[in-house]
Amino acid sequence: MKYISTRGQAPALSFEEAILTGLASDGGLYVPESLPSFSKEEIASWAGLSYQELAFKIIEPFVAGDIPSEDLKGIIERAYSSFRHEAIAPMVQTAHNEWVLELFQGPTLAFKDFALQFLGQLLDYVLNKRQQKVVVMGATSGDTGSAAIEGCRRCQHIDIFILHPHQRVSDVQRRQMTTVLSDNVHNIALKGNFDDCQNMVKASFADQSFLPEGRQLVAVNSINWARIMAQIVYYFYAGLALGAPHKDVAFSVPTGNFGDIFAGYLASKMGLPVDQLIVATNSNDILHRCLSSNDHSKKELEHTLSPSMDIMVSSNFERLLFDLYGRDGAAIQQLMDDFKSGSMTLSDEALSKASELFSSYRLDDDGMIETIAKVYDSTEYLLDPHTAIGLAAARCERRRQDIPMVCLATAHPAKFPEAVEKAIAGMQPPLPHHMNDLFEREERYEVLSNDMGLVQSFVQKHSR
Ligand SMILES: *Cc1c(COP(=O)(O)O)cnc(C)c1O
């Protein structure tokens, strides 16, 4: 299968090339030239498959021609062997016809493990075949760096460098990253803020001449196509468990960069009968404003208690726009040029197409705290702050009571104790057993000044 850019000007790439390339050369994002789709009979025949078996069915057509079936099975097996729950993505019922899909059973307790455990294994496989080594460089404000590190820690062909702002991430967040002692994993505590970390990474991607001969940087952030692809699987998994394809399902998704919910959109295009997709945002609500009042304008970033959704612009939204505009790359280029001014307006046609499937909702910190408290009070089920926003959105925006509503639980509550404590006084959600000794483990990280030359020579020196 070929992959094309949303802006129409970059060369089409193979699957392998697409996952090793970040942004397309025209500034767009890569999407498959055409989507596989499955008949009702075929989807029905998947009832009862394990998560890994289902993942194989869904991912195989995307990689056809690049990865032989047996090898793909191995990649999927290895990717999900680190999950603690046999079901990989179990569901819990929280109200009548309302379900929470627990996507936090992976090694770092957040849904990003679904994509990054898979991507690490996939990259290592592809790089081994090509006899190539790469460097992964990323910046984190604390909550998502560990998923990238866990995804790459066993990869022979990847050296990973993650920058976090020194003394500005929580102890749990830092320790989740710095206690991984593999010799291809490097944590850099930068004496600066998150923006400094991000600028350092951006500049390094723009000029990679500091890298050792023959190396390139690879982006594992949410614009990497393979991450989106891996996330399609759990929509089918939940749908099948609730009666699809014979019955419809609906999903509510705590949204930041629009990667997760875009995978839900793809699932529906591929044949899963999805009645509704709810985009749930915190106060950083550009997507809610866009979908509800055609106001897609940048506002200043607000720091909330659901930090993994703190974004100004959702990068993956461009992939949806590409479809809404009839896959016209020139139209997307025009829109993105307009957006350089800080805002853009969608066509009535695009907006009305979007509203057939999508609804949106915004919830601030107070509403989120109230939701955690209310749900705990009625069911003793403890939500993390991101999931709480999704669940509140589901209850407010739901179109039909008779269609099961699945709320994606994107993180374990123990990852965000501050919000939980605010909602339920005295409640300290315990870390799962396998992380009990987090505070006794040895740490390793390098504190560096906010100096490009220093950081880049560190990366150069430690690339194996
Ligand atoms: C990344 C993240 C999100 C947002 O997902 P997107 O794909 O960026 O929309 C929501 N919740 C948690 C816990 C996350 O880590």
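Everything discussed here concerns the structure shown above.
Analysis parameters
- Residues numbered from 1 in each chain as written.
- Predicted model: local features only at pLDDT ≥ 70, side-chain atom pairs only at ≥ 80, totals over all residues.
- Heavy atoms only, no water.
- Near = heavy atom within 4 Å.
- Polar contact = N/O pair within 3.5 Å; in protein donor to acceptor, adjacent residues only side chain to side chain.
- Areas by Shrake-Rupley, 256 points an atom, 1.4 Å probe, with all protein chains shown as cover.
- Nonpolar A, V, L, I, M, F, W, Y, C, P; charged D, E, K, R; others polar.
- Core = buried A, V, L, I, M, F, W, Y, C linked by side-chain atoms within 4.5 Å.
- Buried < 20%, exposed > 50% of the residue type's maximum accessible area, 1.4 Å probe, protein only.
- Helix = DSSP H or I, 4+ residues; strand = E, 2+ residues; numbered from the N terminus.
- Contact = heavy atoms within 4.5 Å.
- Pairing = 2+ DSSP bridges.
- Axes fitted to C-alpha atoms, helices over the stretch in contact; angles between N-to-C directions.
- Salt bridge = Lys/Arg side-chain N within 4 Å of Asp/Glu carboxyl O.
- Phe/Tyr/Trp six-rings, centres within 6.5 Å; stacked < 30°, edge-to-face > 60°.
- Parallel < 35°, antiparallel > 145°, perpendicular 65-115°, else oblique.
- Left-handed = near helix turned anticlockwise from the far one by under 90°.

Draft legend 1. Fine view of the site of the ligand. Neighbouring residues of the ligand: 14 residues in total, closest Lys112, Gly256, Asn257, Asp260 and Thr410. For the ligand, an oxygen atom lies 2.5 Å from a polar atom in the side chain of Lys112. In the model, an oxygen atom of the ligand is placed 2.9 Å from a nitrogen or oxygen of the Asp260 main chain. Surface burial for the ligand is 96%, taken as the share of its 380 Å² of free accessible area covered by protein chains. Among the residues making up the shell around the ligand, the classes are represented as 5 nonpolar, 7 polar and 2 charged.

Draft legend 2. Up close: the nonpolar core. Counting residues in each nonpolar core, the largest one holds 113 residues, and the members touching the most others are Tyr80, Phe118, Tyr234, Phe236, Phe251, Leu321 and Phe358. When residues in this core are grouped by element, the largest group, 13 residues, is from helix α9 (residues 225–241). Apart from the residues lying within four places of it in its own chain, the contact partners of Phe251 are Tyr235, Ala238, Leu272, Val274, Gln276, Leu277, Ile278, Met405, Val406 and Leu408. Within the second largest apolar cluster, 31 residues are counted, among which are Leu305, Tyr381, Leu382 and Ala409.

Draft legend 3. Representation of the sheet that holds strand β3 (residues 30–32) in the model. The 3 strands are arranged β2-β1-β3 in an open sheet whose pairing can be described as antiparallel. The open sheet terminates on both sides in strands that have one partner only, identified here as β2 (13–14) and β3. Relative to β3, strand β1 (residues 2–5) runs antiparallel, the two being bridged by 3 bridges. Across the sheet, the residue bridging to Tyr3 is Pro32, located in β3.

Draft legend 4. Spotlight on the sheet that holds strand β6 (residues 134–139). Strand order in this open sheet of 5 strands is β9-β6-β7-β8-β16, and the pairing throughout is parallel. The outermost strands of the open sheet, each flanked by one partner alone, are β9 (217–218) and β16 (446–449). As defined by bridge partners, strand β7 (residues 158–165) adjoins strand β8 (residues 185–191) across 6 bridges and the pair is classed as parallel. In the strand pairing of β8, Ile160 is matched with Val185. Sheet strands touched by helix α6 (residues 145–152): β7 and β8. Its angle to β7, the strand with the most contacts, is close to 165°. Contacts from helix α18 (residues 452–462) reach β6, β7, β8 and β16 within the one sheet, and its direction differs from that of β16 by about 145°.

Draft legend 5. Fine view of the pairing of strand β15 (residues 405–409). Burial within β15 is extensive, with 5 of its 5 residues counted as buried. Side chains of β15 alternate between two faces, with Met405, Cys407 and Ala409 and Val406 and Leu408 buried alike.

Draft legend 6. Seen up close, helix α7 (residues 171–178). Summarising burial for α7: 6 of the 8 residues are buried, a large majority. When we look at burial in α7, the residues that qualify are Gln173, Arg174, Arg175, Gln176, Met177 and Thr178. Elements that come into contact with the buried residues of α7 comprise α6, β7 and β8.

Draft legend 7. A look at the pattern of salt bridges. One pass over the structure, following the stated rule, counts 22 salt bridges. Note that Arg175 and Glu443 form a salt bridge whose closest N and O atoms lie 3.4 Å from each other. Placement of Arg175 in helix α7 and of Glu443 in the loop between α17 (417–423) and β16 is noted, with a sequence separation of 268 residues between them. What makes Arg175 buried here is its relative accessible area of 12%. On the basis of relative accessible area, Glu443 is assigned to the partly exposed category, the value being 23%.

Draft legend 8. Expanded view of the packing of aromatic side chains. As enumerated under the stated definition, the model contains 21 aromatic pairs in all. Centre to centre, the rings of Phe38 and Trp46 are 4.8 Å apart; their planes meet at 70°, and the pair counts as edge-to-face. Of the residues examined, Phe38 reaches a relative accessible area of 10% and is grouped as buried. Measuring from centroid to centroid gives 6.1 Å for Tyr265 and Phe358, while their planes differ by 25°, and the two rings are stacked. Note that Tyr265 is positioned in helix α10 (residues 259–269) and Phe358 in strand β14 (residues 358–362), a separation of 93 residues in sequence. Using a relative accessible area of 9% as the deciding quantity, one classes Tyr265 as buried.

Draft legend 9. A look at the packing of helix α5 (residues 112–130) against α9. α9 packs onto α5 with a crossing angle of 125° between their chain directions and a minimal axis gap of 8 Å. On the basis of the axis angle, α5 is oblique to α9. For α5 against α9, the interelement crossing comes out right-handed. Of α9, the residues touching α5 (which contributes Lys112, Phe114, Ala115, Leu116, Phe118, Leu119 and Leu122) are Ala226, Arg227, Met229, Ala230, Gln231 and Tyr234. Along the lines of polarity and charge, the residues of the contact of α5 with α9 split into 10 nonpolar, 1 polar and 2 charged.

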